[in-house]
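Listed here are the chains, written in short residue letters.
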Amino acid sequence: METSFLRNRYWVLRHGKSIPNEKRLIVSSLENGVCREYRLASEGVEQTQLAGKLFLKELKENNIQLENVRVCYSPFARTSHTAEIVASVLNLPFEGPQCKVIKDLRERYFGPSFELLSHDKYPEIWAMDEKDPFTRPEGGESVDDVVARLTSAMATMESEYQGCAILVVSHGDPLQILQTILNAASKQTESSCSDLTSKIQALRIPSILSQHRKFALLTGELRIVV
């Protein structure tokens, strides 16, 4: 991808298999998401350790020094746990300045009619997204709502860091949506939008946002974005 519109390089990591994944539960509210009982399952810990080693390998292959690495993560228990394990593999202090929790990277809130129910409900949401990514599940967030806060998260990272390798530790839907907008932004050729926020604003259209499932990640999957 063309990366001249960004000051940093980005990798995304979906949290490892979590206890909610094992129980096939939708845990999407911040209030529930931060509970320690919804951390990673033992399989997720192993997935995350492997992802951390893979990230380390990619850093070496790209000649990126550890002092230029940043780990930015969602405040949910499963993502904090993932970020902490990766930091440990990289030998970075999790409480130090290279690791940062960003609330706008949190899970997409699917609303009270889906919260703590079975994963079997997800296809209902994704069918709605495909039809209209501006439609909200009742009391929850639309794809476009998530784009708005991911734009804010990107603006934060782009303003605070320069020339860094940033690992974004988040969740399935937000990371699909983030990849969708960054992929589309990288393909923009017209120079009318110079800053990232304006670039993304121009992409907030149904034909782009309804495609986010194409960028789905498995639990514990690491991917370079830009």
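Relevant structure appears above.
These figures come from a predicted structure and were not determined experimentally.

**Some thoughts on the pairing of strand β4 (residues 165-170)**
Here is step 1: The buried fraction of β4 is high, at six of six residues.
Here is step 2: Both faces of β4 are covered, namely the face carrying Ala165, Leu167 and Val169 and the face carrying Ile166, Val168 and Ser170.
Here is step 3: Two strands pair when backbone bridges link them, and strand β1 (residues 9-14) and β4 are joined in this way by six bridges, in the parallel orientation. Paired with leucine 13 across the two strands is valine 169, which belongs to β4.
Here is step 4: Here strand β2 (residues 69-73) pairs with β4 via five bridges, running parallel. Within β4, the residue paired with valine 71 across the bridge is leucine 167.

**Quick word on the packing of aromatic side chains**
Here is step 1: Under the defined criterion, the tally for this structure stands at four aromatic pairs.
Here is step 2: Arranged with centres 5.4 Å apart and planes meeting at 70 degrees, the rings of tryptophan 11 and phenylalanine 55 form a pair that is edge-to-face. Placement of tryptophan 11 in strand β1 and of phenylalanine 55 in helix α3 (residues 42-61) is noted, with a sequence separation of 44 residues between them.
Here is step 3: Note on tyrosine 122 and tryptophan 126: the rings are 5.2 Å apart at their centroids and 10 degrees apart in plane angle, and the pair reads as stacked. Here the residue tyrosine 122 and the residue tryptophan 126 both occupy positions in helix α5 (residues 122-131), the gap between them amounting to four residues, near one helical turn.
Here is step 4: Among the aromatic residues, ring-to-ring pairing joins Phe110, Tyr122 and Trp126 into one connected group.
Here is step 5: Against the face of phenylalanine 5 rests lysine 199, its NZ or CZ located 5.2 Å from the ring centre.
Here is step 6: Over the face of the ring belonging to tryptophan 126 we find arginine 213, whose NZ or CZ atom lies 3.5 Å from the ring centre.

**Brief notes about the packing of α3 against helix α4 (residues 77-90)**
Here is step 1: It is at 9 Å that the axes of α3 and α4 come closest, and there the two elements cross at 45 degrees. It follows from the interaxial angle that α3 and α4 lie oblique. α3 and α4 meet at a crossing whose hand is right-handed. For the pair formed by α3 and α4, the contact residues are Val45, Thr48, Gln49, Gly52, Lys53, Phe55, Leu56 and Leu59 on the first element and His81, Thr82, Ile85, Val86, Val89 and Leu90 on the second.
Here is step 2: Split by residue class, the contact of α3 with α4 holds eight nonpolar, five polar and one charged.

**Structural notes on the layout of surface pockets**
Here is step 1: Empty space within the largest pocket amounts to approximately 280 Å³.
Here is step 2: Elements with a minimum of two residues in the lining of the largest pocket: α1 (19-23), α5 and α7 (172-186).
Here is step 3: Of the residues forming the lining of the largest pocket, the biggest block, three residues, is contributed by α7.
Here is step 4: Looking at the lining of the largest pocket residue by residue, the class counts come to nine nonpolar, six polar and five charged.

**Focus: the nonpolar core**
Here is step 1: In terms of nonpolar packing, the biggest core is built from 33 residues, with Tyr10, Met154, Met157, Ile166, Val168 and Leu178 touching the most fellow members.
Here is step 2: Looking at this core, the elements that each hand over two or more residues are β1, α6 (143-160), β4, α7, α8 (196-202) and α9 (206-209).
Here is step 3: Counting residues in hydrophobic clusters, the runner-up holds 20 residues, among them Trp11, Leu59, Ile64 and Leu92.

**Focus on the pairing of β1**
Here is step 1: Counting buried residues in β1 gives five out of six residues, a clear majority hidden from the surface.
Here is step 2: Looking at chain direction, β1 and strand β5 (residues 222-224) are connected through three bridges and run antiparallel. Following the sheet pairing, leucine 13 is matched in β5 by leucine 222.

Criteria and thresholds
- Residues numbered from 1 in each chain as written.
- Predicted model: local features only at pLDDT ≥ 70, side-chain atom pairs only at ≥ 80, totals over all residues.
- Heavy atoms only, no water.
- Buried < 20%, exposed > 50% of the residue type's maximum accessible area, 1.4 Å probe, protein only.
- Helix = DSSP H or I, 4+ residues; strand = E, 2+ residues; numbered from the N terminus.
- Pairing = 2+ DSSP bridges.
- Phe/Tyr/Trp six-rings, centres within 6.5 Å; stacked < 30°, edge-to-face > 60°.
- Lys NZ or Arg CZ within 6 Å of the ring centre and 35° of its normal.
- Axes fitted to C-alpha atoms, helices over the stretch in contact; angles between N-to-C directions.
- Parallel < 35°, antiparallel > 145°, perpendicular 65-115°, else oblique.
- Left-handed = near helix turned anticlockwise from the far one by under 90°.
- Contact = heavy atoms within 4.5 Å.
- Nonpolar A, V, L, I, M, F, W, Y, C, P; charged D, E, K, R; others polar.
- 1 Å grid on protein atoms, 1.4 Å probe; cavity = no way out; pocket = protein on both sides within 12 Å on 5 of 7 lines; lining within 4 Å.
- Points joined across faces, edges and corners; volume = space filled by probe spheres on them.
- Core = buried A, V, L, I, M, F, W, Y, C linked by side-chain atoms within 4.5 Å.

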